[in-house]
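Residues per chain, in single letters:
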Amino acid sequence: FGSSLFLGVFLPHFVACQMKPADLLSICIKVLESYDPRKTTVDAHCDDCPHLKTKGLSEVDSKFVKQVFYGCIRHRKFLNLFVTGFLYKNPATAQRSEQTLYTVLGYLAFFRLEELTVPVFRSFVLTGSPPPILAFLQFAFGVEDLKEWVVSEWCKIYDMGYIEDQILGTIQRMLPELTQLINEISIKATGTKAVETDGESETKDKKPRTTVPEPFNITKPKPRLVPQPEPISREIKATKIPQSVYKTDLKTIEEQNQARRQQINEAVQSQYKREDEFNLAIANRAAELEKIREEIEAEKMKDCTFKPHINSEYRPPTEAAEVKMTAAAILREDALIRKKQEQEYEILRQYESELRDASEFYEWQATQIAADDLAEQERVEQRKVEMQLAREQAMEMVAAMKRRNRLQAQAQQEEMAMKLHQNDLEQAADLEQKRELVKEVQEERLLPRQAEEEVLRQNHQRAEDLRLEKERDMERKRLEDEHEMERKKDLIRQIRALERVSVVRPKAFDPAEPPRHGLLSEMSLAELQEKYALLKDEQEREREATRLANLEEKAKKQADLSQKAGNLARIRAQAKDAAQARHAALKQRKAEEAEKAKLRREECVLKAQEKILVKKKERLAEEQRLAKELKEISVRRQFSQANVEGDRRGAGDGMPREEPDKALVEQYKKDQVEKIEALHRRQNRDRQLSEKRRVQQSFGVAMEQARGDDDIVRAETRTAAKTARGFQKTSEIQLKQTMEKSQPFAAKITKDSIVSARRHRTKRDASLTRLPPERPVSGLPQRPST
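Thresholds, definitions, all that
Residues numbered from 1 in each chain as written. Predicted model: local features only at pLDDT ≥ 70, side-chain atom pairs only at ≥ 80, totals over all residues. Heavy atoms only, no water. Helix = DSSP H or I, 4+ residues; strand = E, 2+ residues; numbered from the N terminus. Buried < 20%, exposed > 50% of the residue type's maximum accessible area, 1.4 Å probe, protein only. Contact = heavy atoms within 4.5 Å. Areas by Shrake-Rupley, 256 points an atom, 1.4 Å probe, with all protein chains shown as cover. Salt bridge = Lys/Arg side-chain N within 4 Å of Asp/Glu carboxyl O. Arc of directions from axis to C-beta. Axes fitted to C-alpha atoms, helices over the stretch in contact; angles between N-to-C directions. Parallel < 35°, antiparallel > 145°, perpendicular 65-115°, else oblique. Left-handed = near helix turned anticlockwise from the far one by under 90°. Nonpolar A, V, L, I, M, F, W, Y, C, P; charged D, E, K, R; others polar. Core = buried A, V, L, I, M, F, W, Y, C linked by side-chain atoms within 4.5 Å. Phe/Tyr/Trp six-rings, centres within 6.5 Å; stacked < 30°, edge-to-face > 60°. Patch = residues over 30% accessible without salt bridge, like charges linked within 9 Å, V, L, I, M, F, W, Y side chains within 5 Å. Lys, Arg positive; Asp, Glu negative; His and termini not counted. Charge placed at Lys NZ, Arg CZ, Asp CG, Glu CD. Polar contact = N/O pair within 3.5 Å; in protein donor to acceptor, adjacent residues only side chain to side chain. Expected span 1.5 Å × (residues − 1). Disulfide = S-S within 2.5 Å. pLDDT = per-residue confidence, 0-100.

**Regarding the overall build of the chain**
Item 1. For the chain, the helix and strand inventory stands at 22 helices and 0 strands.
Item 2. Scored against the burial criterion, the 786 residues of the chain give a buried share of 15%.
Item 3. In the chain, the share of contacts with a sequence separation of at least 24, taken over all contacts with a separation of at least 6, comes to 72%.
Item 4. Counting every atom, the chain has about 67,400 Å² of accessible surface; 55% of that belongs to carbon and sulfur.

Below, the structure written as structure tokens:
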């Protein structure tokens, strides 16, 4: 905010000061209150503010006011938090109407106190009322109050080191000089000193010496040694596979299990024989069970004598229902019929004038739409075939993905083993660090006790200060209550004195006597009542005439509505017959189209099946070819291995050694190299594809975020512009209404003048349009027309 332009202005300012501190402080408050960030900027406000152009304001004074204004705007959040906490803590002393004054004094106290010095700051402070200024100084220069109310919120805006060193550190360094200022204001406000100096506090708080107990000099116990943690072995030992596993197979185990299940079933059946079962009598009377159930149901339903009336079968009506039409429905339907007739008339008139109509175009349009629908259906069926083929390719890709995942899993297992080893090393280092921390904690065991004693002492001091402040507030409140009570008693005495004053008795009222106020058309109450009766009779006659006219008009409308209802019924019957014929034709056409679509769908399905069969045959042929090649390679390997073993046996028996089949070995090496190259190409292709997808995804996310930010900025700009326009419009309307209320005669004259000017302009335009064309003057040259 341009604070670098005015550094070092505060202290030299008061050497060449021409205005009093109270006037200068008042100008600062007015400049700060008149600033509206929605209408102007900081620099523009400083240039255009009328308060900075006050007569008698020198250049140095103007620089001082501008720097105070810049500082208050720059540290607005800081000062708002401070003023809010101060007003909340001192609601009875501080007034919210002086909030700007506290903001300016807060800026000078926290950011410019060292440059101003305490004597110059004192000249600003003494311009205010002593009680609120005393509360302001106690809150601003009380470190405990600041920490309790605003320091935590300040640290959210500024760095904690800056708050501790620059703000609170400056207050503590200048606290001796500020204490004298606080005592001076306190003597003016309450008659006592708010803060006592060191000498006074020593003489006042001097107490007789008492015996201080001291603890016995007992040998302190040595700290216990922390035992070393036992190492936990992470080695995993697997048991050996028993030899019995290699002596059997799955088939033998399944046979043993089947034999064991058969033995268990036979043992269970031998325990529960058929002769041991109970013979129940109920098993021999299955035929009588239904008869008994029917008798029981009949006995239960004997008391149920209610027979509900059965409704007759629904028969749909044969004749159409008559619907009574309302006047609105008749007029609405008549308007639709008239509109349709006008459209038909326009079509016929156009055909009569142009000798053609648009029926051919509509037929061509319907043909093209049908062709487009047919092409769309064919495209859909083709898409189905492509999706089926894509499904087959996706299945193949899944198989390739599984193979690639297997390789990646092996690499991840190796990486996991390395990470486990690294984790073991980190845990060992962490354990060593914890051991060192235990030693440091044992050495610093006495520091918390000392800190607790210091905090306890500070709490006692704060409680004593709070008690003294509460006593002063209670005394001040008692004096204010007494003053308020005296004022209320005085008001009561005044009201009682007013009640004792005599009342003037009014004169009797005569309804036949005029008021005689000297006004035109004066009349008595009796005359007024007589004229009112005459006017009432005249209004009654006019009302009767209006009623008769309304009845006649209503009868005409009813006849017109009846005629329209008949015409509409006839038109509706004709439209019904035409609609039934049209629906029958449409239904037949839809059935034909459905049959064609069914045939077309079956044809597309057959084509798709043929393509799928061709693909399957090609894939099967490829798999057979690969199987054949693999089989040939395995046969070659077997022959090569057999030759090598034969050479070895021949060399052991002393036989001459034959040369191996070099062609088979070379072919085997070549196949291995081709497999490795194909694997590498597949891995590179997959890596490139994943990298491309990752780049596309990150680019899409970045673009979406940029679009969102752009939308937010545009919305904020539109909202701000709309708010500014609405505020300006509201202000103009309110100003216009205020001017009309304050000067109604002038507003009426202005309105009449505007109306007359518009009427005059209308007449002038009309007269200009009726003027005849100008004739050329003889003897003068004619101007060529453009």
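**Things to note about the pattern of salt bridges**
Item 1. Here the structure, examined in full by the defined rule, presents 28 salt bridges.
Item 2. With its nearest N and O atoms 3.5 Å apart, the salt bridge here joins Asp 36 to Arg 38.
Item 3. Overall, the relative accessible area of 19% leaves Asp 36 in the buried class.
Item 4. When its relative accessible area of 62% is taken as the criterion, Arg 38 is described as exposed.

**Re helix H8 (residues 118-125)**
Item 1. Every buried residue of H8 is listed here: Val 118, Val 120, Phe 121, Phe 124 and Val 125. An end-on view of H8 places all buried positions within 160 degrees of arc, on one side of the element.

**Notes on the packing of helix H2 (residues 21-33) against helix H4 (residues 59-74)**
Item 1. Their axes nearest at 10 Å, the elements H2 and H4 cross at an angle of 45 degrees. Taken together, the axis directions place H2 and H4 in an arrangement best described as oblique. Taken as a pair, H2 and H4 cross one another with a handedness that is right-handed. Across the interface between the two elements, Leu 24, Ile 27, Cys 28, Val 31 and Leu 32 of H2 pack against Asp 61, Phe 64, Val 65, Val 68, Phe 69, Cys 72 and Ile 73 of H4.
Item 2. Within the contact of H2 with H4, the residues separate by chemical class into 11 nonpolar, no polar and 1 charged.

**Some thoughts on the nonpolar core**
Item 1. Grouped together as the largest cluster of nonpolar side chains are 66 residues, with contacts concentrated most on Phe 82, Phe 110, Phe 121, Leu 137, Phe 141, Leu 146 and Trp 154.
Item 2. Here this core takes 9 residues from helix H6 (residues 99-111), the largest share from any one element.

**Looking at the packing of aromatic side chains**
The way to describe two aromatic rings as a pair is by their centre distance and the angle between their planes.
Item 1. Overall, the coordinates contain 21 aromatic pairs when judged by the stated rule.
Item 2. Ring centres of Phe 361 and Tyr 362 lie 5.7 Å apart, and the angle between their planes is 55 degrees; on these two criteria the pair is classed as tilted.
Item 3. Among the aromatic residues, those joined into a cluster by ring pairs are Phe 78, Phe 82, Phe 86, Tyr 102, Tyr 107, Phe 110, Phe 111, Phe 136, Phe 139, Trp 154, Tyr 158 and Tyr 162.

**With respect to a negative patch on the surface**
Item 1. On the surface, Asp 372, Asp 373, Glu 592 and Glu 593 cluster together into a patch of negative charge.
Item 2. If you list the elements that add at least two residues to the negative patch, you get helix H18 (359-443) and helix H20 (525-652).
Item 3. Counting through the fold element by element, Glu 593 comes out in helix H20.

**Remarks on the side chain of Arg 112**
Item 1. Inspection of the secondary structure assignment puts Arg 112 in the loop between H6 and helix H7 (113-116).
Item 2. Of the polar contacts made by the side chain of Arg 112, one reaches the side chain of Glu 115; its length is 2.8 Å.

**Here's the deal with a nonpolar patch on the surface**
Item 1. Nonpolar side chains collect at one region of the surface, where Ile 241, Val 245 and Tyr 246 lie side by side and expose about 340 Å² of accessible area between them.
Item 2. Relative to the helices and strands, Tyr 246 resides in the loop between helix H14 (198-204) and helix H15 (250-271).
Item 3. Among the residues examined, Tyr 246 registers a relative accessible area of 59% and is labelled exposed.

**Describing unusual backbone geometry**
Item 1. Despite not being glycine, Thr 117 shows a phi value in the positive range, around 70 degrees.
Item 2. Along the polypeptide, Thr 117 turns up in the loop between H7 and H8.

**Side note on the packing of H2 against H6**
Item 1. For the pair H2 and H6, interaxial distance at closest approach is 10 Å and the crossing angle is 110 degrees. Our classification of the angle between H2 and H6 gives roughly perpendicular. For H2 against H6, the interelement crossing comes out right-handed. In contact with Leu 25, Ile 29, Leu 32 and Glu 33 of H2, H6 contributes Thr 100, Leu 101, Thr 103, Val 104 and Leu 105.
Item 2. Its residues assigned to classes, the contact of H2 with H6 comprises 6 nonpolar, 2 polar and 1 charged.

**Structural notes on H4**
Item 1. With 16 residues, H4 extends 22 Å from end C-alpha to end C-alpha; this agrees with the ideal 22 Å at 1.5 Å per step.
Item 2. Of all the residues in H4, the buried ones are Asp 61, Ser 62, Phe 64, Val 65, Gln 67, Val 68, Phe 69, Tyr 70, Gly 71, Cys 72 and Ile 73.

**A word on the state of the cysteines**
Item 1. Scanning the model with the defined rule gives 0 disulfides in all.
Item 2. Free cysteine Cys 46: the closest other cysteine sulfur is in Cys 49, separated by 7.7 Å.
Item 3. Among the residues examined, Cys 46 registers a relative accessible area of 5% and is labelled buried.
Item 4. Cys 72 takes part in no disulfide bond, and the closest cysteine sulfur to it belongs to Cys 28, at a distance of 7.8 Å.
Item 5. Exposure remark for Cys 72: the relative accessible area of 4% places this residue in the buried category.

**Remarks on the confidence of the model for the chain**
Item 1. Per-residue confidence for the chain gives a mean pLDDT of 79, with 85% of residues at or over 70.
Item 2. Taken as a whole, residues 1-16 scores under 50 in pLDDT and shows 31 contacts with residues more than four places along the chain or in a different chain.
Item 3. When the criterion is pLDDT under 50, residues 771-786 qualifies, and its contacts beyond four places in sequence or with other chains add up to 2 contacts.

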